[in-house]
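The chain contents come next:
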Amino acid sequence: FDLSVDEWDKIINTNLRSVFISSREAGKIMKEQGGGSIVNISSTRSIMSEPNTEAYAASKGGINALTHALAASFSEYKIQVNCISPGWIENGDIMKLRKEDHSQHFSQRVGVPKDIARACLFLTNPLNNFISGTNLVIDGGMTRKMIYEH
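Predicted, not measured: the structure shown is a model, and the values here were computed from it.

## Quick notes on the overall build of the protein chain
Argument step 1. When you go through the protein chain residue by residue, the secondary structure sums to five helices and three strands.
Argument step 2. The secondary structure elements of the protein chain, listed N-terminal to C-terminal, are α-β-α-β-α-α-β-α.
Argument step 3. Its C-alpha atoms put the protein chain at 50 × 40 × 25 Å along the principal axes.
Argument step 4. For the protein chain, the proportion of its 150 residues judged to be buried stands at 37%.
Argument step 5. When contacts within the protein chain are restricted to residue pairs at least 6 apart in sequence, long-range pairs at least 24 apart make up 67% of them.
Argument step 6. When the accessible surface of the protein chain is split by element, carbon and sulfur atoms take 57% of a total near 9,300 Å².
Argument step 7. Taking the average location of the 16 positive side-chain charges in the protein chain and that of its 16 negative ones, the two points are 7 Å from each other.

## Concerning the pairing of strand 2 (residues 79–86)
Argument step 1. Most of strand 2 sits inside the fold, with eight of its eight residues counted as buried.
Argument step 2. The side-chain alternation of strand 2 yields two buried faces, one formed by Ile79, Val81, Cys83 and Ser85 and the other by Gln80, Asn82, Ile84 and Pro86.
Argument step 3. Taken together, the six bridges between strand 1 (residues 36–41) and strand 2 define a ladder with parallel strand orientation. Bridge pairing links Gly36 to Ile79 in strand 2.
Argument step 4. Crossover strand 1 to strand 2 through helix 2 (residues 54–74) is right-handed.

## A closer look at the side chain of Ser37
Argument step 1. Within the secondary structure layout, Ser37 lies in strand 1.
Argument step 2. Accessibility expressed as a relative area gives 18% for Ser37, which makes it buried.
Argument step 3. A polar side-chain atom of Ser37 sits 3.2 Å from the main-chain carbonyl oxygen of Leu123.
Argument step 4. Other than its neighbours up to four places away in sequence, Ser37 contacts Met30, Gln80, Leu123 and Thr124.

What counts, and at which threshold
Residues numbered from 1 in each chain as written. Predicted model: local features only at pLDDT ≥ 70, side-chain atom pairs only at ≥ 80, totals over all residues. Heavy atoms only, no water. Helix = DSSP H or I, 4+ residues; strand = E, 2+ residues; numbered from the N terminus. Buried < 20%, exposed > 50% of the residue type's maximum accessible area, 1.4 Å probe, protein only. Contact = heavy atoms within 4.5 Å. Areas by Shrake-Rupley, 256 points an atom, 1.4 Å probe, with all protein chains shown as cover. Lys, Arg positive; Asp, Glu negative; His and termini not counted. Charge placed at Lys NZ, Arg CZ, Asp CG, Glu CD. Pairing = 2+ DSSP bridges. Right-handed = clockwise from strand over helix to strand, strands pointing away. Polar contact = N/O pair within 3.5 Å; in protein donor to acceptor, adjacent residues only side chain to side chain.

Written out as structure tokens, the structure is:
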């Protein structure tokens, strides 16, 4: 009820418009080079929500849709476009997390940035050029478990 249109626009522009512009410009370069691979970063919030995350969830859902649309548009130029939807990725001190934080995941651990980096390397490997237009959820199984403990 309190989300302003200005706040909505800021989040959409930051999260979605930026991905459109970046992908479009990278695509132009890749077209000239004979192909390539784009990996956009979305979020598990694109497929599940908590209260008061409407703009964020919509922006990340837009990235998923933009990804498969660009994959279709860029396919004739041998450009694969995929996205990754990370779940909980701890970029601080993982040792400060509680056992309960880790046990919320099927993997029994919270993710770290290297988990996402390895997926980016996989998706951009030329040997994996059959993968295009997909959203790869990397969350240790948390969105499938659907149990959030505090």
